[in-house]
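# Structure assessment
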Amino acid sequence: MNDTGLLTQRNKRFIEACRQGSWLILEPLLSPGFGYLDGATGEVWDMDRYRKDLKENPAPRLSVDVVVIHVDGDTAILSARSQSGQDRSNRYLDTYKRSGGDWVCVHACVWPLPPTSGSKAC
């Protein structure tokens, strides 16, 4: 399978982990040094806070669209628009690195989109 296909599968597993609030699904996708930036507040979260938030806030209605994957050597950026069924859309950006023939997420950021935001590139 090519890199785009592998990253697409990773993204689907990441989203499923968020739907279920499952650290067991998500942890194998993450680098041990994974970092998260809260795009709404600008706060950098440590792994414990991220894990706790995931477990306490499952999002069973989470859906994504406008997925964009850019691969440059052993680095990849994956972004998409997400909706959680609460009339609110977010955009997320995940950074991956190739590790041992597979891809691991090293950083993620999610930020809210304005209510009228479309899928136009800036």
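Here we summarise the structure given alongside this text. (Residues numbered from 1 in each chain as written. Predicted model: local features only at pLDDT ≥ 70, side-chain atom pairs only at ≥ 80, totals over all residues. Heavy atoms only, no water.)

### So, the overall build of the protein chain
Helix and strand counts for the protein chain stand at three helices and six strands. Relative to its length of 122 residues, the protein chain is compact, with a C-alpha radius of gyration of 14 Å against a globular reference of 14 Å. When the backbone C-alpha atoms are referred to their principal axes, the protein chain occupies close to 40 × 35 × 25 Å. Per-residue burial for the protein chain yields a buried fraction of 36% across its 122 residues. The contacts of the protein chain with a sequence gap of at least 6 include a subset with a gap of at least 24, amounting to 47%. Working note: accessible area of the protein chain is about 7,200 Å², and carbon and sulfur atoms make up 52% of it. Distance between charge centroids for the protein chain: 4 Å, based on 15 positive and 15 negative side chains. (Helix = DSSP H or I, 4+ residues; strand = E, 2+ residues; numbered from the N terminus. Rg over C-alpha atoms; globule rule 2.2 N^0.38 Å. Buried < 20%, exposed > 50% of the residue type's maximum accessible area, 1.4 Å probe, protein only. Contact = heavy atoms within 4.5 Å. Areas by Shrake-Rupley, 256 points an atom, 1.4 Å probe, with all protein chains shown as cover. Lys, Arg positive; Asp, Glu negative; His and termini not counted. Charge placed at Lys NZ, Arg CZ, Asp CG, Glu CD.)

### So, the state of the cysteines
By the definition in use, this model includes zero disulfides. Cysteine cysteine 109 remains unbridged, with the sulfur of cysteine 105 as its closest cysteine sulfur at 11 Å. (Disulfide = S-S within 2.5 Å.)

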